[in-house]
Amino acid sequence: MDIQRKRQLEQKETARKEMERQRQLEWEKQKIQEMEQQRQREQDQLLRLKALNQNSFNLIKELSQKIVETRNSVTNLKAVID
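Residues numbered from 1 in each chain as written. Predicted model: local features only at pLDDT ≥ 70, side-chain atom pairs only at ≥ 80, totals over all residues. Heavy atoms only, no water.

**Student:** What is the right way to look at the environment of leucine 9 in this model?
**Tutor:** Mapped onto the fold, leucine 9 is located in helix α1 (residues 3–81). Of the residues examined, leucine 9 reaches a relative accessible area of 34% and is grouped as partly exposed. Once the C-alpha coordinates of leucine 9 and valine 80 are considered, the two residues, 71 residues apart in sequence, prove to be 105 Å apart. (Helix = DSSP H or I, 4+ residues; strand = E, 2+ residues; numbered from the N terminus. Buried < 20%, exposed > 50% of the residue type's maximum accessible area, 1.4 Å probe, protein only.)

**Student:** I tried to follow the pattern of salt bridges on my own but got confused; where do I start?
**Tutor:** One pass over the structure, following the stated rule, counts 5 salt bridges. Between arginine 16 and glutamate 13 there is a salt bridge, with its nearest N and O atoms 2.6 Å apart. Of this pair, arginine 16 and glutamate 13 both sit in helix α1, 3 residues apart, which is roughly one turn of the helix. Accessibility expressed as a relative area gives 46% for arginine 16, which makes it partly exposed. Between lysine 31 and glutamate 34 there is a salt bridge whose closest N-O contact spans 3.5 Å. With lysine 31 and glutamate 34 both in helix α1, this residue pair falls 3 residues apart, about one helical turn. (Salt bridge = Lys/Arg side-chain N within 4 Å of Asp/Glu carboxyl O.)

Take a look at the structure:
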């Protein structure tokens with residue numbers, strides 16, 4: 001094999017390796033972007049769930065207070081009746 005042919009093969013192999021490296025970098029970049037998007041979706045979902053949890057807590061607190069008030073009213077009415 002002459003030197004020129006060998007050099008051509010080396011250049012071809014180097015170009016192939018570079019193309020593969022570029023493909024790998026692009027794949028990694030895409031994967032990172034997908035993971036960041038997934039992370040953002042999960043953070044958004046977490047915020048929605050926290051808000052729902054807070055709303056539920058507030059509702060339970062409000063209902064508990066109404067129950068206490070209703071019991072007090074019933075006790076007062078019973079006292080008036082008796």
